[in-house]
Amino acid sequence: MKEKKYCGVVVPMVTPATAEGRLDVEAVERITEFFAQAKVSPLLMGTTGEGNSVSREDGLLFVETAVKARNQWSMVNGQWSMVIYAGLTGNCFSEQVAQAEAYTRAGADVIVATLPSYYALTPAQMENYYRRLADSISRPLMLYNILATTHMSIPVDVIRRLADHPNIVGLKDSERDLERMVQCIEIARGREDFCYFCGWAAQSAHSLELGGDGIVPSTGNYVPGMFRQLYEAAVGGDMVTANRLQDETNEIAKIYQKDRTLGQSLAALKVMMGTKALCGPEMLMPLTRLSTREEQAIASKLQSIKS
């Protein structure tokens, strides 16, 4: 079977911010170029991108800026071209539909949606939400399952039924459950119209070995090229190289994740990106940047690794 339309490495891009809490447009341009050079695509306003803290105005500006930068740096005419995945935020359905259409007009290629998370939803309500959303928007829709933040898990049988919807093109699953991962990969296996992306970065190589179509690693913000190499090795059957790169990227992830909450780890990730002059350390409320001591410790640790 030929390579699916949606596959490869999709990095959940950080949202670079100014000290005033607005989108840092120039940083978006730099990071998009950085991703284009590594041949990875961005997911805008996902969990790593502090999606629900991004204003409606800045969300649209984010998509517009990334699309313009993509058009400048990502090759076309038969060669690799970056896919822009844009995440929906909030819990109001009508506003989400309007948001999706605004992103579509701005040039986003795929709309990505987690479950609205204020109310606990039944499986039937989850399925109804995604069907109505897919029916209401003009761009392809990707399901996004992340138990850690929505506190709900989309049942595998619901995903299996939604996979047959003509406007639902895939699943990004960040739940840390190996049995579930195998089941979801099986749903996507052998069909060109539905893909599986692993959002559990530590299982990137394993998920590809099992037949997954793509990976969504937050550490890819710092080392996108390593994840592209991991992906190419795994799909090429070179699991020795893929597993070596998995171990190496796992160690890099520990620098910003170990002993930190999710929000704190995102602040640490921005500090790491700052050592490559990609963005500053500012966070969007309610998250805050790390202390000066912590930021200096991260920069020093990276320097010691390089030397």
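Owing to the predicted nature of the structure, the values given are computational and were not obtained by experimental measurement.

Draft legend 1. Structural view of the overall build of the protein. A tally of regular secondary structure across the protein gives twelve helices and eight strands. Relative to a compact globule of 307 residues, whose C-alpha radius of gyration would be 19 Å, the protein shows 18 Å and is just as compact. With the principal axes as the frame, the protein shows a C-alpha extent of 50 × 45 × 40 Å. Taken across its 307 residues, the protein has 55% of its residues classed as buried. A sequence separation of at least 24 residues applies to 71% of the contacts in the protein between residues at least 6 apart. Here the protein has roughly 13800 Å² of accessible surface; of this, 50% comes from carbon and sulfur atoms. Across the protein, the centroid of the 31 positively charged side chains sits 1 Å from that of the 35 negatively charged ones.

Draft legend 2. Just the layout of surface pockets, in detail. What the largest pocket holds in volume is close to 650 Å³. What lines the largest pocket is a set of 34 residues, and nearest its centre among them are Arg-176, Gly-199, Ser-218, Gln-257 and Leu-262. At the level of secondary structure, the elements contributing two or more residues to the lining of the largest pocket comprise α5 (147-150), α10 (239-257) and α11 (262-274). For the lining of the largest pocket, the element with the highest residue contribution is α10, accounting for seven residues. The class makeup of the residues in the lining of the largest pocket is 15 nonpolar, 13 polar and six charged. What the second largest pocket holds in volume is close to 540 Å³. Within the residue set of the lining of the second largest pocket, elements represented by two or more residues are β4 (110-113), α5 and α11.

Draft legend 3. Spatial organisation of empty space enclosed by the protein. The tally for this structure, following the rule as stated, stands at one cavity of 30 Å³ or more. Empty space within the largest cavity amounts to approximately 50 Å³. Around the largest cavity sit Val-10, Leu-43, Tyr-85, Val-112, Met-142, Lys-172, Phe-197 and Val-216, which together line it. Class assignment of the residues belonging to the lining of the largest cavity gives a composition of seven nonpolar, no polar and one charged.

Draft legend 4. Seen up close, the sheet that holds strand β5 (residues 141-145). In space, the eight strands of this closed barrel follow the order β1-β2-β3-β4-β5-β6-β7-β8, with parallel pairing throughout. Of the pairings in the sheet, the one linking strand β2 (residues 41-44) to strand β3 (residues 85-87) comprises two bridges and is parallel in character. Within β3, the residue paired with Leu-44 across the bridge is Ala-86. Packing against the sheet, helix α7 (residues 178-188) makes contact with β5, β6 (168-173) and β7 (195-198), and its axis sits at approximately 150° to β7.

Draft legend 5. Region of the structure containing helix α9 (residues 224-235). Relative to the 16 Å expected for twelve residues at 1.5 Å per residue, α9 spans 17 Å between its end C-alpha atoms, a close match to the ideal helical length. Taken as a whole, α9 has its buried residues at Pro-224, Met-226, Phe-227, Arg-228, Leu-230, Tyr-231, Ala-233 and Ala-234. Close packing links the buried residues of α9 with β1 (8-12), α1 (25-38), α8 (204-209), β8 (214-215) and α10. Backbone geometry just downstream of α9 places Gly-237 in the positive-phi region, at approximately 85°.

Reading guide: rules and limits
Residues numbered from 1 in each chain as written. Predicted model: local features only at pLDDT ≥ 70, side-chain atom pairs only at ≥ 80, totals over all residues. Heavy atoms only, no water. Helix = DSSP H or I, 4+ residues; strand = E, 2+ residues; numbered from the N terminus. Rg over C-alpha atoms; globule rule 2.2 N^0.38 Å. Buried < 20%, exposed > 50% of the residue type's maximum accessible area, 1.4 Å probe, protein only. Contact = heavy atoms within 4.5 Å. Areas by Shrake-Rupley, 256 points an atom, 1.4 Å probe, with all protein chains shown as cover. Lys, Arg positive; Asp, Glu negative; His and termini not counted. Charge placed at Lys NZ, Arg CZ, Asp CG, Glu CD. 1 Å grid on protein atoms, 1.4 Å probe; cavity = no way out; pocket = protein on both sides within 12 Å on 5 of 7 lines; lining within 4 Å. Points joined across faces, edges and corners; volume = space filled by probe spheres on them. Nonpolar A, V, L, I, M, F, W, Y, C, P; charged D, E, K, R; others polar. Pairing = 2+ DSSP bridges. Axes fitted to C-alpha atoms, helices over the stretch in contact; angles between N-to-C directions. Expected span 1.5 Å × (residues − 1).

No statement about biological role is implied by the geometric values presented.
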